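Chain by chain, the residues run as shown.
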Amino acid sequence: MRTRRRLATVTAALAIGLSALPGVAGASPAGPALPGHASCPFGTAPGPPVDSSEVPEPGQPEPTPLPVPDPPIGGPAMGSCGDVVAPGAPAAPPVGVVSYVLADLDSGEVLAARNPHARLRPASLMKTLTGLLVARRLPLDETITGTQEDADQEGTRVGMGPGGQYTIRQVFDAMMMASGNDAAHALAVRLTGSVPATVDLMNSTARELGALDTRAATPSGLDGPGMQSSAYDLASIFRAAMREPAFAQAVATRRIPFPGHGPNPPFEVVNDNRLLTTGYPGYLGGKTGFTDDARHTFIGAAERNGRRLVVVLMRGEQRPVPMYQQASALLDHGFALPDPQGVGTLTDGVPENGANGSADGYGEEAGDPSAVAPDSGAAGSWGTPLLLVAVFAGLGGLLALRAGRR
């Protein structure tokens, strides 16, 4: 009898835990059928926030879920929930992140991926989209004046202040190098006149690029209602941004002098990307990110023997292996491939029929439908899947509580 009760407790706890995972809970019978890859972890939206940062302002509606494209953007293999590599290719090295994409920066071919369309919070990787707009639209030699609102931004700030005089180039570089949320705010206001208008511009630009997992809520990447992106989208956005010389220069810059304001003297801004500062061979630049909800995120790109690769990692931790070293391992893997074959392609635009349709030949041209999950490597990746660890930890807690009551 006691054994049956324990089994019932285990079954109920496991069912509760699994039902909390995005994409695992059953769809409402009244709702439209979702494509198969929507059942991947985070296939439709990020998980619940850990704080109140995503609560809409009074009077503002809750953001509605973004459509899940069918077939997946980038090719059939981009709908994979696990690790995917080309047939016959070696498994990618194990990394402790929920999602990643490794791709050729020039051709857009995806060389390896894990749950590439997982919809996760990007943290400061969203600044790549803000930076793309700045590089395309603003005169870099123009001078702007810092405001108290810039200085009051939450999180990482580069040190702008009211009355300070800065060129757009200085503010842009500081945003990309040191992830200044004050810089992101100042640039957003300069782009359109207001932060909400710039967020709208960011979202329309993402749609134009075919980055259909992406919804910006802030120009800095600070968490907000509906904020989400994916490793696939961010690799595509970064690829587009790297075509802009100002953007490519900003992410590759190690340090710059930065003006002071009021009684505060000038100071130096240093790039926080460890792959750049530790001298990874051929490193082209990238972006780091962190919030409590997003956890750690990372973009890095490098060039070797005439090939340029980009890697995006989403929802990872700095232990036991720092994020930049995980990125380094994936880049090394990509450069070592003797005959690189793509399993999909990054997006440059929306398919002809939009988010829920497919352009003629889009899926066939974008990826190899025979791409496979490797027999080795995926199971050995200590981060796959991180959510299941939490589920079983919770299960253990429930059983411990039950034992304590006896």
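For every chain, the first residue of its written sequence is number 1, and the numbers climb from 1 along that sequence. For this predicted model, a pLDDT threshold of at least 70 governs which residues receive local features, and a threshold of 80 or more governs which side-chain atom pairs are given and counted, while totals over whole chains, interfaces and linings are taken from all residues. Values shown for side chains rest on all heavy atoms present in the structure; no hydrogens or waters enter the calculation.

1. With respect to the confidence of the model for the protein chain
Part 1: As a per-residue measure, pLDDT reflects the predictor's confidence and takes values from 0 up to 100. Here the protein chain shows a mean pLDDT of 84. Residues at 70 or above account for 78%.
Part 2: Long-range and interchain partners of residues 1–30, a stretch whose pLDDT sits below 50, account for 29 contacts in this model, where long-range means more than four residues apart.
Part 3: With pLDDT under 50 throughout, residues 354–406 is counted as low confidence; its partners more than four residues away or in other chains account for 98 contacts. Here, residues are in contact when the closest pair of their heavy atoms is within 4.5 Å.

2. Structural notes on the pattern of salt bridges
Opposite charge on two side chains allows them to pair when their charged atoms are near.
Part 1: Here a salt bridge means any side-chain nitrogen of Lys or Arg lying within 4 Å of a carboxyl oxygen belonging to Asp or Glu. Tallied over the full model, the rule gives 12 salt bridges.
Part 2: Asp-106 serves as the salt-bridge partner of Arg-308, at 2.8 Å between the closest nitrogen and oxygen. Taken as a pair, Arg-308 in strand β10 (residues 307–316) and Asp-106 in the loop between β2 (97–104) and β3 (109–114) lie far apart in primary sequence, 202 residues in all.
Part 3: Each residue is placed in one exposure class: buried if its accessible area under a 1.4 Å probe, protein chains only, is under 20% of its type's maximum, exposed if it is over 50%, and partly exposed if it falls in between. By relative accessible area, which is 44% here, Asp-106 ends up partly exposed.
Part 4: Each of Arg-239, Arg-243 and Asp-348 takes part in salt bridges that share partners, so that together they form one network. Under the scheme used here, helices are H or I runs from DSSP no shorter than 4 residues and strands are E runs no shorter than 2 residues, and both carry numbers assigned from the N terminus.

3. Describing the packing of helix α2 (residues 127–137) against helix α6 (residues 195–209)
Part 1: Running from amino to carboxyl end, α2 crosses α6 at an angle of 90 degrees, the nearest separation of the two axes being 10 Å. The angle between the axes of α2 and α6 places the two elements in the roughly perpendicular class. Residue-level inspection shows Leu-129, Thr-130, Leu-132, Leu-133, Arg-136 and Arg-137 of α2 in contact with α6, the latter providing Leu-201, Met-202, Thr-205, Ala-206 and Leu-209.
Part 2: Each residue is assigned to one of three groups, with Ala, Val, Leu, Ile, Met, Phe, Trp, Tyr, Cys and Pro labelled nonpolar, Asp, Glu, Lys and Arg labelled charged, and all others, Gly among them, labelled polar. Considering only residue class, the contact of α2 with α6 consists of 7 nonpolar, 2 polar and 2 charged. Note on geometry: axes are lines fitted to C-alpha atoms, helical ones only across the stretch in contact, with angles between N-to-C directions running from 0 to 180 degrees. For classification purposes, an angle smaller than 35 degrees is called roughly parallel, one larger than 145 roughly antiparallel, one from 65 to 115 roughly perpendicular, and anything else oblique.

4. Describing unusual backbone geometry
Part 1: In the segment running from Asp-70 into Pro-71, the intervening peptide bond is cis, with an omega of 5 degrees.
Part 2: As for its placement among the helices and strands, Pro-71 is situated in the loop between α1 (2–19) and β1 (83–85).
Part 3: The amide bond that connects Arg-319 to the next residue, Pro-320, takes the cis arrangement and shows omega of 10 degrees.
Part 4: Mapped onto the elements of the fold, Pro-320 is located in the loop between β10 and α10 (323–336).
Part 5: Here Phe-42, not a glycine, exhibits a phi torsion of approximately 60 degrees, which is positive.
Part 6: The phi dihedral of Ser-179 falls on the positive side, at around 60 degrees, and the residue is not glycine.
Part 7: By relative accessible area, which is 6% here, Ser-179 ends up buried.

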